[in-house]
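Examining the three-dimensional arrangement
The lines below spell out each chain.
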Amino acid sequence: PHHHGDRMICPGGRPFCPFSLTLMGAGWFLVALFVGETELLSILPGPAAQITLVGLTTGLLMAFWSLSSFRAWVDQLPLKALIIVHLARFVGIYFLVLHRRGDLPARFALTAGWGDIVVATGALILILVPAALNSSRAVLVWNTIGLIDILLVVTTAAGLAFANRESMSALTRLPLSFLPTMIVPLIISTHVAMLVRLRRKSQRPETVKREQALASF
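Just so you know, these numbers come straight off a predicted model, no measurement behind them.

A few words now on the overall build of the protein. Each helix and strand in the protein was counted, giving 10 helices and 2 strands. Going from the N terminus to the C terminus, the protein shows its helices and strands as β-β-α-α-α-α-α-α-α-α-α-α. Across the 217 residues that make up the protein, the buried fraction comes to 40%. In the protein, the share of contacts with a sequence separation of at least 24, taken over all contacts with a separation of at least 6, comes to 72%.

In structure tokens form, the structure reads like this:
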């Protein structure tokens, strides 16, 4: 980044670069911390946690699809960097602990807990085993299972919260309040980004074949 008048911008005037994204990420974290510390999601009326989660996820996906500079930044990230985000899903262990304490309903804690543990373990294997990370099929299978799991977790939590808001109150307090305000939107968005990357990679050989066929005429 460099200074231009009173503004700090990225090289070439791009709105996204490591510096600006670090600032935005830090700001997002501080807001999420404030929301959790004040238990704002439990104070606000209606399904505040669900609205927050959907809004943030939609915002990230819209930025990915509509802002070319942001999409280019995401595309240049190593695949491993996108997968590392999913190690946060070892939070499933904490879900099981809270269930044993009686702080989370079984329908959510057991489904989300074991599902997230399995997906997080898969992420760890992909990170540590180069052959697995280099296998598009292995990454695709893991990514598909992970996306289905997180969508199931979100819908289960929403259904239980609508039926009995207090039953899911643990998700409105620190540390779990970071799930709807930061972690789950990042998880869903990185799943989508990886699907796009894998689809593009699978289409590349076909594009090369078509170009070679056209060149032969």
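Structure's up, so let's keep going.
Turning to the side chain of Asn143, a few remarks are in order. Looking at the element boundaries, Asn143 is found in helix H9 (residues 136-163). Each residue touching Asn143, except ones within four places of it in the same chain, is listed here: His191, Met194 and Leu195.

With that settled, the discussion passes to the packing of helix H7 (residues 106-128) against H9. The N-to-C vectors of H7 and H9 enclose an angle of 160°; their axes lie 10 Å apart at closest approach. Comparing the axis directions of H7 and H9 gives the class roughly antiparallel. Seen along the crossing, H7 lies across H9 with a hand that is left-handed. Contact residues: H7 offers Arg107, Phe108, Thr111, Ala112, Gly115, Asp116, Val119, Gly122, Ala123 and Leu126, while H9 offers Val139, Trp142, Ile145, Gly146, Asp149, Leu152, Val153, Thr156, Ala157 and Leu160. Partitioning the contact of H7 with H9 into residue classes produces 12 nonpolar, 5 polar and 3 charged.

Moving on: the confidence of the model for the protein. Confidence in the prediction of the protein, expressed as mean pLDDT, is 89, and 86% of residues score 70 or more. Below pLDDT 50 for its whole length, residues 1-9 participates in 14 contacts with residues either more than four positions away or in separate chains.

Here is a general trend for soluble globular proteins: nonpolar side chains tend to be buried in one another's company. Formed by 22 residues in total, the largest nonpolar core has its most connected members in Phe95, Leu104, Phe108, Met168, Leu171, Leu176 and Leu179. Only helix H6 (92-101), H7, H9 and helix H10 (178-215) provide two or more residues apiece to this core. Top contributing element to this core by residue count: H9, with 6 residues. For Met168, the contacting residues outside a window of four places in its chain are Leu104, Pro105, Phe108, Ala157, Leu160 and Ala161. The next biggest cluster of nonpolar side chains, apart from the first, holds 14 residues, and it includes Leu79, Ala123, Met194 and Leu198.

Following the criterion strictly, the structure yields 3 salt bridges and no others. A salt bridge links Arg200 to Asp75, with the nearest nitrogen and oxygen atoms 3.7 Å apart. Taken together, the residues Arg200 in helix H10 and Asp75 in helix H4 (residues 68-75) connect sequence positions 125 residues apart. A residue is classified by how much of its surface remains accessible, and Arg200, at 33% relative accessible area, is partly exposed. Owing to a relative accessible area of 27%, Asp75 belongs among the partly exposed residues under this scheme. Taken together, the shared-partner salt bridges in this structure form one network comprising Arg89, Asp116 and Asp149.

Scoring rules and cut-offs
- Residues numbered from 1 in each chain as written.
- Predicted model: local features only at pLDDT ≥ 70, side-chain atom pairs only at ≥ 80, totals over all residues.
- Heavy atoms only, no water.
- Helix = DSSP H or I, 4+ residues; strand = E, 2+ residues; numbered from the N terminus.
- Buried < 20%, exposed > 50% of the residue type's maximum accessible area, 1.4 Å probe, protein only.
- Contact = heavy atoms within 4.5 Å.
- Axes fitted to C-alpha atoms, helices over the stretch in contact; angles between N-to-C directions.
- Parallel < 35°, antiparallel > 145°, perpendicular 65-115°, else oblique.
- Left-handed = near helix turned anticlockwise from the far one by under 90°.
- Nonpolar A, V, L, I, M, F, W, Y, C, P; charged D, E, K, R; others polar.
- pLDDT = per-residue confidence, 0-100.
- Core = buried A, V, L, I, M, F, W, Y, C linked by side-chain atoms within 4.5 Å.
- Salt bridge = Lys/Arg side-chain N within 4 Å of Asp/Glu carboxyl O.

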